[in-house]
Each structure stands twice: as C-alpha cells, then as structure tokens.
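Letter by letter, the chains look like this.
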Amino acid sequence: MSERPVRIAQITCGAEYSGIQNEITSAAETVGAQMFYPDVALADVKSAYKEFGLPVKSPDLKLAIARAKAVVEGKIEADGIFIASCFRCAEAAIVRNELRRYIVEHSRIPVVSYSFNERTGSSTLLTRLEALSTIAKRRELMAREVQTGITMGVDSGSSTTKCVIMKDNEIVGTGWRPTTEVLKSADEVIELALAESGLKMSDIEAIGTTGYGRFLIGKHLNADLVQEELTVNSKGAVYLADAQKGFATVIDIGGMDNKAISVNDGIPGSFTMGGICAGASGRFLEMTSKRLGVDITELGALSMKSEGGEGVPMNSYCIVFGTQSLVNALAAGYKREDVAAAACHSVAQQVYEQQLQEVDIKEPVIMVGGSSLIQGLVRAMGRMLKTEVVVPHHSQYIGAVGAALISSGFVEKKRAEKKGRK
C-alpha cells in the first residue's frame, strides 16, 4: 500500500496570475507532497475577514485569511501550510506575516512563508516544500533528543563539507574541508572524522546526509537518511545549545543563502530561507576578508578591535555595491578593523530586514554555521536583536550533527533486523 502524500494547504495571493503556480505544483510533486486550496464558503470569507481585524482591500487576501482560519480551526485537515504572495505587494506582505504569526500561535502545523516574483522557479521552492514535507512525515524522528549507537552525519555545503561521528550521544570525530569536488570532499572529511574517532567505516550503524550535495553523497554512502538542511540544522542547533524544550530561534548565515528558523520542542514551526543577494550572506564576508588581506578565520578577531563600525558607510544589500563600499571606505582612510566591523553589521542588518521579519524571534537565539565563528557578526546580530546570541560548541558542524542525531532513529530498527536474521 502506497504512502499517503503529504497534504500542504496553499494560502497564496497572485500565484495563478504571476505564472508560478506550475512551479509550486512541480516542487511539491518532487518531494511527494500535494498542494491544495482549502475550500471555504463566501460566508466564511466575510466572517473570517471581520474577525481577523485587518483592513484588507484585496478580495484574494480576504480569501487567504479565511483559508488560514479554516485550517487552524480544524475544519480542513492539512499536514503543512505554504503562505506566499508577490514581493511587490505591501498589503500582501503584511497579511502574509500576520497569517504566519496567527498559525504559529494557534496550531502545531508547520508553516513556511515566501514572497515570489514572476521568475521564481521550482528549484527555489524545492527545499522549503521538502522541509514542510519532512516535518509532516518524520515528526517522530525529528523529535529525537538523544543520539544512540554509532552514527555519521555528512553536510555538503556550498562552501565547506563537514562530517561528524557520534557515539552514545557524544561527538567523537569531526572533519572539515572546503567543498571542491562533492564526493572527493565528502570522502576527505569522512576519513578525518574516522581517524579522530578511532573507528572504522564498518563500525558506523547509520548515516545521514544533508546540504546541497546530499543526494549524490547519500547514494555514494547508501545513507539511511537524506534530508534537507532546514530541519537538520534546526535539530542540530537546539541539541548543541541544550534548548530542545520550548521555543528557540536558529540563525544560519551560509555561504550562499541564509536560514532563519523558529523551533518549538526541537521541531521547526516556521522558517525562511534565501536572501535577495549574496551581499547578505557569508560570501560577502569572505570578499571582505580578502580585500582586508586577512583569512576569513581572522576577520572576527579583527572586527572585535572596533567599537562596532556602524559609522562606516557600508551597503551589502547587493554584493557589487558592497564591494564598492569596501573600496570607498578604505580609500577614505577608515581603519581596517572598523571596515571589518561595518561589513559584519551590514550583513546582520540585511538578514534582519530581509528574513528575520518572517519568523517570530524567541530566545534563546542560536547562531550556527561557519559564520557563527566570526565574533563581529555575532556581536552585530545581538545588537540588532537586542539580546545575547548563543553560539554553541561545534556550531560550524551543525548540519552534520543534526544528520547524525536524526539518523540514529534507524539504529534500533537495523539492530532488530540484524538480530532477526541470526
């Protein structure tokens, strides 16, 4: 008997007019999910709009409000909710944000919100819908709080590839290398992690892969778990920060894109991914370090010598303009440490303005990924959010940790099958 497809309620405005409806449907089908529009009556639209209290003019947005209320109140069953609207519409942005907050506060249904344009493709939507589908299908697996057995997690990121080996809830081996050839980089970090742990590949009981190269590496290793990075990273973050109970916010500023995730009891509730330009990602900080003549690992220490660098003109909204800002600031005689701090502040500001408005920020705020090791960026984010940001030990291995932790759910099953064959 085939598994029932994950049902995702589509609460959108303008998707059918902008030409991206086929892209949404295609992305959903790729991850084994089924998009559907919740059916509501005209009377429900009128009452929902009145009860919600927003002075909305658009009939499509009034319909979106009614559909959201129908799902939250249990009148229509859904495994996940996808909210989206055109990024050019200010009214839709307000409604999208309020609906996301309403769903999170009044239900346990995972939700992702997104602003699209006419060029949005299925590949852009794939990870978001895969994450919604994963949470719905693997909620029990995602709820794991303790790692058991001997497991391995491999995270193939855009900039670096990481490997972690865990044994009975402890990290016993790690490996880290720049991502060049996907499989070659994976084999290198696995070798490093095995050497540090003193284990052999035959000792590994379960394997999980994540990141951009997860499918290729998953096939290469015959992995038990091949999972997108949104759910894996959030699980790894709250595990390392000892924040698996209650609410937390996870921020991962990556080499190509960023993730902001609202987590409740170890399971993502709402999340956003992406960024308008690489200027709001770790790639801009890499360019900054090269322009300042320091290694990326030294940029954080350099930036901490400054009081913050907010006075240095810096625009990382676009990586081209950001580079120009770097050149202009140095030419104007600003100190290197102030320029480094200004670059950190600019990236934090862009992440705050572009993405953190799409999730509910609740403490603890946990920063993970390689960029979390840049102290100036952590300081800038803390000042932006007016809170102390937590950077747990091994934060740069977050995806690999999450993959190793979640994949341990397969250990007991495999042990039982092995025992049954004897």
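Since this is a predicted model, take the numbers as computed values, not measurements.

Turning our attention to the overall build of the protein. Helices and strands together make up the secondary structure of the protein, namely 17 helices and 14 strands. Along the first, second and third principal axes, the C-alpha set of the protein runs to 75 × 65 × 35 Å. Every one of the 422 residues in the protein was classed for burial, and the buried ones make up 57%. Once local pairs closer than 6 in sequence are excluded, the contacts in the protein between residues at least 24 apart make up 71%. Accessible area for the protein stands at about 18400 Å²; split by element, carbon and sulfur atoms hold 51% of it.

Bringing the sheet that holds strand 5 (residues 150-156) into the picture now. Backbone hydrogen bonds hold the strands of a sheet together, and the pairing may be parallel or antiparallel. Spatially, the five strands line up as an open sheet ordered 7-6-5-8-9, and their pairing is mixed. Edge positions in the sheet fall to strand 7 (170-178) and strand 9 (225-226), since each has one partner strand and no second. Those strands touched by helix 9 (residues 214-221) are strand 5, strand 8 (206-211) and strand 9, and its axis lies near 160° from that of strand 8.

Quick look at the nonpolar core now. Core analysis: the biggest nonpolar cluster contains 40 residues, and Ile8, Phe82, Leu129 and Phe271 have the highest contact counts within it. A per-element tally of this core places helix 6 (residues 122-137) first, with five residues. When neighbours within four sequence positions are excluded, Phe271 is seen to be in contact with Val111, Val112, Ser113, Arg128, Ala131, Leu132, Ile135, Leu230, Ala260, Ile261 and Val359. Membership of the second largest hydrophobic core comes to 33 residues, among which are Phe284, Ala340, Ala343 and Leu356.

Between two packed helices, what matters for the description is the angle formed by their axes and the separation of those axes. The interhelical angle for the contact between helix 12 (residues 296-303) and helix 15 (residues 375-385), taken along N-to-C directions, is 50°, at an axis separation of 6 Å. Taken together, helix 12 and helix 15 sit at an angle that is classed as oblique. Contact with helix 12, carried on its side by Gly300, Ala301 and Ser303, involves Gln375, Gly376 and Arg379 of helix 15 and no other residues of that element. Taken together, the residues of the contact of helix 12 with helix 15 sort by class into one nonpolar, four polar and one charged.

Before going further, it helps to examine the pairing of strand 1 (residues 6-13). The side chains of a regular strand alternate between both faces of the sheet. Summarising burial for strand 1: seven of the eight residues are buried, a large majority. Sheet analysis places strand 1 next to strand 3 (residues 80-86), joined by six bridges and oriented parallel. The residue bridging Ile8 from the neighbouring strand is Gly80, located in strand 3.

Residue position: Ala64 is located in helix 4 (residues 59-72). Accessibility expressed as a relative area gives 4% for Ala64, which makes it buried. Considered as a pair, Ala64 and Val45 are 19 residues apart in the sequence and their alpha carbons are 8.5 Å apart. Discounting chain neighbours no more than four positions away, the residues touching Ala64 are Ile11 and Leu99.

Enumeration according to the criterion identifies 13 salt bridges in this entry. In this structure, Asp360 and Arg100 form a salt bridge, with 3.5 Å as the shortest nitrogen-oxygen distance. Residue Asp360 is located in the loop between helix 14 (336-354) and strand 13 (365-368), and its partner Arg100 is located in helix 5 (residues 90-106); the two are separated by 260 residues in the primary sequence. Both residues of the pair, Asp360 and Arg100, belong to the buried class. Two residues, Asp360 and Arg101, come together in a salt bridge whose shortest N-O distance is 3.3 Å.

Here we take up the pairing of strand 5. By the criterion of burial, strand 5 is predominantly enclosed, with seven of the seven residues buried. Taking every second residue as pointing to the same face, both faces of strand 5 are buried, with Ile150, Met152, Val154 and Ser156 on one and Thr151, Gly153 and Asp155 on the other. Direction of pairing for strand 5 relative to strand 6 (residues 160-167): antiparallel, over a ladder of seven bridges. By the bridge assignment for strand 6, Gly153 is matched with Val164. Between strand 5 and strand 6, which pair antiparallel one after the other, the connecting turn spans three residues. With six bridges connecting them, strand 5 and strand 8 associate as parallel partners.

Right, let's get into the environment of Thr25. Relative to the helices and strands, Thr25 is located in helix 2 (residues 21-30). Note on Thr25: relative accessible area 28%, which makes it partly exposed. Through-space distance from the C-alpha of Thr25 to that of Lys50 is 31 Å; in sequence the pair is 25 residues apart.

Next up on the list: the side chain of Ser395. On the secondary structure map, Ser395 appears in the loop between strand 14 (389-390) and helix 16 (398-407). Sequence-distant contacts of Ser395, that is, excluding residues within four places in its chain, are made with Leu240, Met367, Val368, Gly369, Ser372 and Leu373.

At a closest axis distance of 8 Å, the pairing of helix 6 and helix 10 (residues 229-240) adopts a crossing angle of 60°. One way to sum up the angle between helix 6 and helix 10 is to call them oblique. From helix 6, Thr127, Arg128, Ala131, Thr134 and Ile135 reach across to helix 10, where they touch Glu229, Leu230 and Thr231. Taken together, the residues of the contact of helix 6 with helix 10 sort by class into three nonpolar, three polar and two charged.

What follows covers unusual backbone geometry. Residue Pro364 follows Glu363 across a cis peptide bond; omega there is 0°. Despite not being glycine, Asp265 shows a phi value in the positive range, around 55°. Considering the arrangement of structural elements, one finds Asp265 in the loop between strand 11 (258-264) and strand 12 (267-274).

What counts, and where the lines are drawn
- Residues numbered from 1 in each chain as written.
- Predicted model: local features only at pLDDT ≥ 70, side-chain atom pairs only at ≥ 80, totals over all residues.
- Heavy atoms only, no water.
- Helix = DSSP H or I, 4+ residues; strand = E, 2+ residues; numbered from the N terminus.
- Buried < 20%, exposed > 50% of the residue type's maximum accessible area, 1.4 Å probe, protein only.
- Contact = heavy atoms within 4.5 Å.
- Areas by Shrake-Rupley, 256 points an atom, 1.4 Å probe, with all protein chains shown as cover.
- Pairing = 2+ DSSP bridges.
- Axes fitted to C-alpha atoms, helices over the stretch in contact; angles between N-to-C directions.
- Core = buried A, V, L, I, M, F, W, Y, C linked by side-chain atoms within 4.5 Å.
- Parallel < 35°, antiparallel > 145°, perpendicular 65-115°, else oblique.
- Nonpolar A, V, L, I, M, F, W, Y, C, P; charged D, E, K, R; others polar.
- Salt bridge = Lys/Arg side-chain N within 4 Å of Asp/Glu carboxyl O.

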